[in-house]
Amino acid sequence: MGHGPAAVVLCAGKGTRMKSEQAKVLHPLLGRPLCAWPIAAAAEAGARPVVAVLGHQADDVRAAIKTQFASLEPRFAVQAQPLGTADAVRAAAAELRDASGSVLLLYGDTPLLTPATLRRLLDAQGSGRGPLALVSCVAVDPYGYGRLVREGGRVVRVVEERDASEAERRIVEVNAGVYAVDADFLWKALASLKPSNAQGEYYLTDVVALAAAQGEVAVVAADFEETAGVNDRVDLAACARELRRRINQAHMRAGVTLEDPDSTTIEGPVELAADVVLEAFVTLRGRTRVAEGARIGQGSVLSDVELGAQTEVRPYCVMEQSRVGARCVLGPFARLRPGSELAEGVHLGNFVETKKARIGKGSKANHLSYLGDAVLGAGVNVGAGTIICNYDGVAKHLTEVGDGVFIGSDTQLLAPVKVGEGAFIAAGTTVTEDVPADALALSRTPQVVKPGWARKRRERLKGKP
Ligand code: UD1
Ligand code: MG
């Protein structure tokens, strides 16, 4: 068995109040499914093994958790029917046969809990005089939460909203839904519960009264910013706001400027060096890494992008799965699709799209271009409106452009095609054959000039009755 306490995270419910086809615990919250947050907190607090209890959409939930926690090796148990939170914990018993000591119990819909609070909870249970410790919170609006009922100062039970009396509903000290319990006590207590309540469910909260009969229930107080549960989409948005705030603050304290943190979204294992500047409404996702001094302009969205030092991303760029070197200047309105690799000092201007394109040092494409399936050397100038025609309707083909090539505006390069170093492509050319190094390629109909023709036409048309 593992080192820390075991943990059980309840993820079997449907989440009726979400009014969704998708199970509540799968709803995305800052780039991860909702239930990944409490699982991560339990794992970080040292819990092993972590058992997720599945039920509604079990296969999807299991797959999502496995993707998120490959190295944690989570275990799974299935609750056949959603008979309540106590029944869900009971379903995990087989996976925890060998567990003794403390078990952490968490709900899959409380994403804000921190590992520090879970450790405080475990300490309180370990050093307390009873078999159970729980986390409480004083809620401004306790509606929907279980209330802590105290007698003579001691917690004696938890009563759910639907079962509470008028007086009990006025209690503002609520149950956060996370417990540390002695394993032997837990399995015996669960076996004795009855579903005698308004919902006809087996309530995990009824274990609290049984624990109070054996000794003092230890209560660890936490802020609502840590204990909020997600029952509907309003709660989900509120939790997203809180998580964003925490993540953004950590980056700011580590030396990143966020010009408008309330509008900044950073999700996933994003790494930002010191002196990076994020303007308003920037979204960074996945394995995005930004080196020192880079600036990301307003409204830009980067997923799995590496940005080199001092690179400037101007407003409204959308970039994914790409690598950008140092001192590049991109946008406004540049679009980097997967497999774009830009060397140092590349400039891509407005309405330039790249895909699987390797672009060499100092090359420039400043206006209205599509560069797909291409390798461009260093010092290439791509004129406005240049299109690499990479797709022939059946397959994609490669275009290679050597160092120092000048591509005039409104050029099409029909892949597969190669342009040798130092070649010059005249504006308006359709390149269908390879161009040797240092050559001129030109494919235009010769220009015709008829002096006075335009004036005569004007006069003819105006003279009409
Ligand atoms: C629960 C607590 C309440 C507490 C609140 C904190 C109970 C009876 N009540 O109420 O005291 O204040 O959380 O957020 O425990 N689940 C299952 N199987 C089931 C039912 C639920 O796995 O049969 C899972 C759900 O997926 C969810 C979690 O348990 O992740 C909590 O269920 P939910 O219905 O949201 O309970 P609350 O009404 O919020
Ligand atoms: Mg809930």
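The structure presented is a predicted model; accordingly, all values stated were derived computationally and were not measured.

1. Some words on the packing of aromatic side chains
Right, so step 1: Considering all chains together, one arrives at five aromatic pairs under this definition.
Right, so step 2: An angle of 15° between the planes, with centres 5.7 Å apart, marks the rings of Tyr316 and Phe333 as stacked. Here the residue Tyr316 occupies a position in the loop between β20 (312-313) and β21 (318-324), and Phe333 occupies one in the loop between β22 (329-330) and β23 (335-336), the gap between them amounting to 17 residues.
Right, so step 3: Tyr316 sits in the partly exposed class, given a relative accessible area of 38%.
Right, so step 4: Counting every residue linked through ring pairs, the aromatic cluster contains Tyr316, Phe333 and Phe351.
Right, so step 5: Residue placement shows Arg90 over the ring face of Tyr202; its charged tip is 4.7 Å from the ring centre.
Right, so step 6: It is Lys396 that lies over the ring of Tyr391; its NZ or CZ is 5.2 Å from the centre.

2. Some thoughts on the domain arrangement of the protein chain
Right, so step 1: Split into domains, the protein chain comes out as domain 1 (6-227) and domain 2 (255-441).
Right, so step 2: Using C-alpha coordinates to define each centre, domain 1 is positioned 48 Å away from domain 2.

3. A word on the site of ligand 1
Right, so step 1: Near ligand 1 there are 23 residues, and of these Gln79, Thr85, Tyr107, Glu160 and Asn175 occur at the shortest range.
Right, so step 2: Between ligand 1 and Asn175 there is a distance of 2.6 Å, counted from an oxygen atom to a backbone nitrogen or oxygen.
Right, so step 3: Between ligand 1 and Asn231 there is a distance of 3.2 Å, counted from an oxygen atom to a side-chain nitrogen or oxygen.
Right, so step 4: Bound to the protein, ligand 1 loses 91% of the 760 Å² it would expose on its own.
Right, so step 5: For the shell around ligand 1, the elements supplying multiple residues, two or more each, are β1 (6-11), α3 (85-91) and β10 (173-182).

4. Examining the nonpolar core
Right, so step 1: Counting 47 residues, the largest nonpolar core has Leu278, Ile296, Leu307, Met319, Leu330, Leu342 and Leu348 as the members making the most contacts within it.
Right, so step 2: Going through the elements one at a time, β19 (301-307), β21, β25 (347-359), β26 (364-376) and β32 (417-419) are the ones with two or more residues in this core.
Right, so step 3: The residues touching Met319, leaving out its near neighbours within four places in the chain, are Val301, Leu302, Ser303, Val305, Leu307, Val313, Val324, Leu330 and Leu336.
Right, so step 4: Counting residues in each nonpolar core, the second largest holds 40 residues, with Cys35, Ile39, Leu106 and Val178 among its members.

5. A look at the layout of surface pockets
Right, so step 1: Of the pockets and cavities examined, the second largest pocket occupies roughly 780 Å³.
Right, so step 2: Around the second largest pocket sit 29 residues that line it, and Arg32, Trp37, Ala40, Gly268 and Pro269 are the ones nearest its centre.
Right, so step 3: Here the lining of the second largest pocket gets five residues from one element, more than from any other, and that element is helix α1 (residues 36-44).
Right, so step 4: Looking at the lining of the second largest pocket, its residues break down into 16 nonpolar, six polar and seven charged.
Right, so step 5: Viewed by domain, the lining of the second largest pocket spans two of them, domain 1 (6-227) and domain 2 (255-441), each represented by three or more residues.

6. Looking at the coordination of the magnesium ion (ligand 2)
Right, so step 1: The protein atoms that coordinate the magnesium ion (ligand 2) are Asp109 (OD) and Asn231 (OD1), at distances of 2.2 to 2.4 Å. With Asp109 in the loop between β6 (102-107) and α4 (115-127) and Asn231 in the loop between α8 (224-227) and α9 (233-253), this pair connects stretches of sequence that are 122 residues apart. We note that Asp109, like Asn231, is buried.

7. Section: the pattern of salt bridges
Right, so step 1: This model, assessed by the stated rule, comprises 21 salt bridges.
Right, so step 2: Glu320 is the salt-bridge partner of Arg335, the closest N and O atoms lying 2.9 Å from each other. Placement of Arg335 in strand β23 and of Glu320 in strand β21 is noted, with a sequence separation of 15 residues between them.
Right, so step 3: Judged by its relative accessible area of 29%, Arg335 falls in the partly exposed class.
Right, so step 4: The partly exposed category is assigned to Glu320, whose relative accessible area is 24%.
Right, so step 5: Of the charged contacts in the structure, one is a salt bridge between Glu344 and Arg327, with a shortest N-O distance of 3.3 Å. Of this pair, Glu344 sits in the loop between β24 (341-342) and β25 while Arg327 sits in the loop between β21 and β22, and the two are 17 residues apart along the sequence.
Right, so step 6: Given a relative accessible area of 33%, Glu344 falls into the partly exposed group.

8. A look at the side chain of Ser263
Right, so step 1: Of note, Ser263 is situated in the loop between β12 (257-258) and β13 (265-266).
Right, so step 2: Using a relative accessible area of 13% as the deciding quantity, one classes Ser263 as buried.
Right, so step 3: The contacts of Ser263, once residues within four sequence positions are left out, are Ala280, Phe281 and Val282.

9. Considerations on the pairing of strand β5 (residues 75-78)
Right, so step 1: Bridge count for strand β4 (residues 50-54) against β5 is four bridges, and the pairing is parallel. Its bridge partner being in β5, Ala52 is matched across the sheet by Phe76.
Right, so step 2: Since β4 and β5 lie parallel, the crossover through helix α2 (residues 58-68) that links them has a hand, and here it is right-handed.

Rules of the game
Residues numbered from 1 in each chain as written. Chains lettered and ligands numbered in written order. Predicted model: local features only at pLDDT ≥ 70, side-chain atom pairs only at ≥ 80, totals over all residues. Heavy atoms only, no water. Phe/Tyr/Trp six-rings, centres within 6.5 Å; stacked < 30°, edge-to-face > 60°. Helix = DSSP H or I, 4+ residues; strand = E, 2+ residues; numbered from the N terminus. Buried < 20%, exposed > 50% of the residue type's maximum accessible area, 1.4 Å probe, protein only. Lys NZ or Arg CZ within 6 Å of the ring centre and 35° of its normal. Domains from an automatic or database assignment. Near = heavy atom within 4 Å. Polar contact = N/O pair within 3.5 Å; in protein donor to acceptor, adjacent residues only side chain to side chain. Areas by Shrake-Rupley, 256 points an atom, 1.4 Å probe, with all protein chains shown as cover. Core = buried A, V, L, I, M, F, W, Y, C linked by side-chain atoms within 4.5 Å. Contact = heavy atoms within 4.5 Å. 1 Å grid on protein atoms, 1.4 Å probe; cavity = no way out; pocket = protein on both sides within 12 Å on 5 of 7 lines; lining within 4 Å. Points joined across faces, edges and corners; volume = space filled by probe spheres on them. Nonpolar A, V, L, I, M, F, W, Y, C, P; charged D, E, K, R; others polar. Donors = N, O, S within 2.8 Å, 3.2 Å for Na, K, Ca; no water. Salt bridge = Lys/Arg side-chain N within 4 Å of Asp/Glu carboxyl O. Pairing = 2+ DSSP bridges. Right-handed = clockwise from strand over helix to strand, strands pointing away.

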